Amino acid sequence: MYPVKEKLNEVRQSLPEGVRLVAISKFHPEEYIMAAYEEGQRVFGESHEQELARKVQTLPRDIEWHFIGHLQTNKVKYLAPYISMIEAVDSLKLLREIEKQAAKADRVVRVLLELHIAEEATKYGLTLDACRQLLADGEWRQMTHVQICGLMMMASNVDDKGQIAQEFQVAADFFDEVKQQYFADAPYFCERSWGMSHDYRIAICHGSTMVRVGTTIFGPRVY
Ligand SMILES: *Cc1c(COP(=O)(O)O)cnc(C)c1O
């Protein structure tokens, strides 16, 4: 078995105070998640609804699950009863569906708005202008079953550390803009979810409050 406990603790020790770890367990077996759980890790991230539903059934109830993948609106109803945070909200349509399903489940679901800053055309997320538009439109203010807790993004998958740093800084500056304009009185709007295995150390230098680390903790994924 991959040395999950050791790797988890190495990552944790490298995180400054104020940065939380979401252990990304997609495609990894339950026993790996349990190894991390036994070390006290409680926040895990998954990106496929069915895989997550399967894991939720057998794993401890006090795990906080984050959904980090691209989410289709028809899957929201399955997540709404238990998900702790939906990290990658990239449309008003999806936000509306989360509101609807969370209301049915009589819950408030915490969400992050996903930004598209990376150069890759294939990545999901809102452009900065689309995000400004969504917030200016104001429909979200009427939603009592979703709480917008911050922003999430992925940097370009490149070797150029300067480019990665620059993208994280764009996101950090945008967070400040949005915080000031819409969430100045909302202490819960405080999360900046950026940084993965290969770039989380850079992300921390650019305001990350939440890193999403998979491979470094659990080893290569077996698809
Ligand atoms: C898979 C995934 C991660 C974790 O990636 P690693 O490189 O394994 O750390 C982080 N964020 C998102 C959105 C992911 O899909």
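Conventions we followed
Residue numbers run consecutively from 1 along every chain, following the written order of its sequence. Confidence filtering applies because this is a predicted model: local features only for residues at pLDDT of at least 70, side-chain atom pairs given and counted only at 80 or more, and all residues used for totals across whole chains, interfaces and linings. Side-chain numbers come from the whole structure's heavy atoms, not from hydrogens or water. At least two DSSP bridges between two strands are required for those strands to pair. Secondary structure elements are taken from DSSP: a helix is a run of H or I of four residues or more, a strand is a run of E of two residues or more, and numbering for both begins at the N terminus. The handedness rule is simple: strands pointing away from the viewer, and a clockwise path from the first strand over the helix to the second, make the crossover right-handed. By convention in this text, a residue qualifies as near a molecule or strand provided that one of its non-hydrogen atoms is within 4 Å of it. As used in this structure description, the phrase polar contact means that two N or O atoms lie within 3.5 Å; if the pair is within protein, one of them must be able to donate a hydrogen and the other to accept it, and residues adjacent in sequence are counted only when both atoms belong to side chains. Each accessible area is a Shrake-Rupley estimate made with a 1.4 Å probe; only the visible protein chains count as cover when residues are assessed. Note on residue categories: nonpolar means Ala, Val, Leu, Ile, Met, Phe, Trp, Tyr, Cys or Pro, charged means Asp, Glu, Lys or Arg, and polar means any other residue, Gly included. Aromatic pairing here means that ring centres of Phe, Tyr or Trp (its six-membered ring) are within 6.5 Å. Orientation follows from the plane angle: under 30 degrees is stacked, over 60 is edge-to-face, and everything else is tilted. Think of it in three bands: with a 1.4 Å probe and only protein chains considered, a residue is buried below 20% of the maximum accessible area for its type, exposed above 50%, and partly exposed in between. A side-chain nitrogen of Lys or Arg and a carboxyl oxygen of Asp or Glu constitute a salt bridge if their distance falls within 4 Å.

### Brief notes about the pairing of strand β3 (residues 64–67)
So, point 1. In terms of strand pairing, strand β2 (residues 43–46) meets β3 through four bridges, oriented parallel. Pairing of Glu 46 across the sheet is with Phe 67, part of β3.
So, point 2. Tracing the backbone out of β2, into helix α3 (residues 49–58) and back to the parallel element β3 gives a crossover that is right-handed.
So, point 3. Here β3 pairs with strand β4 (residues 85–89) via two bridges, running parallel. Bridging from a neighbouring strand, His 66 pairs with Met 85 of β4.

### Overview of the site of the ligand
So, point 1. With respect to spatial proximity, the complete set of residues near the ligand consists of Ile 24, Lys 26, Ile 68, Met 152, Met 154, Met 196, Ser 197, Arg 212, Val 213, Gly 214, Thr 215 and Arg 221.
So, point 2. Measuring from a nitrogen atom of the ligand, one finds a side-chain N or O atom of Arg 212 at 2.9 Å.
So, point 3. Against a free-state accessible area of 390 Å², the protein chains account for coverage of 90% of the ligand.
So, point 4. The class makeup of the residues in the shell around the ligand is six nonpolar, three polar and three charged.

### Re the packing of aromatic side chains
So, point 1. Counted according to the given criterion, the structure contains six aromatic pairs.
So, point 2. An angle of 35° between the planes, with centres 5.1 Å apart, marks the rings of Trp 140 and Phe 183 as tilted. Within this pair, whereas Trp 140 is found in the loop between α6 (128–137) and β6 (146–153), its partner Phe 183 is found in the loop between α7 (161–182) and β7 (191–193), the two being separated by 43 residues in sequence.
So, point 3. Among the residues examined, Trp 140 registers a relative accessible area of 9% and is labelled buried.
So, point 4. Take Phe 183: its relative accessible area is 1%, and that puts it in the buried class.

### Focus: the pattern of salt bridges
So, point 1. As enumerated under the stated definition, the model contains eight salt bridges in all.
So, point 2. The closest approach of N and O atoms between Lys 55 and Glu 46, which form a salt bridge, is 2.8 Å. Of the two residues examined, Lys 55 and Glu 46, each falls in the buried class.
So, point 3. With a shortest N-O distance of 2.8 Å, Asp 129 and Arg 132 are connected by a salt bridge. Pair noted here: Asp 129 and Arg 132 are both in helix α6, with a separation of three residues, about one helical turn.
So, point 4. The exposure class of Arg 132 is partly exposed, given its relative accessible area of 31%.
So, point 5. Here the salt bridges share partners, and the residues they tie into one network are Glu 46, Glu 51 and Lys 55.

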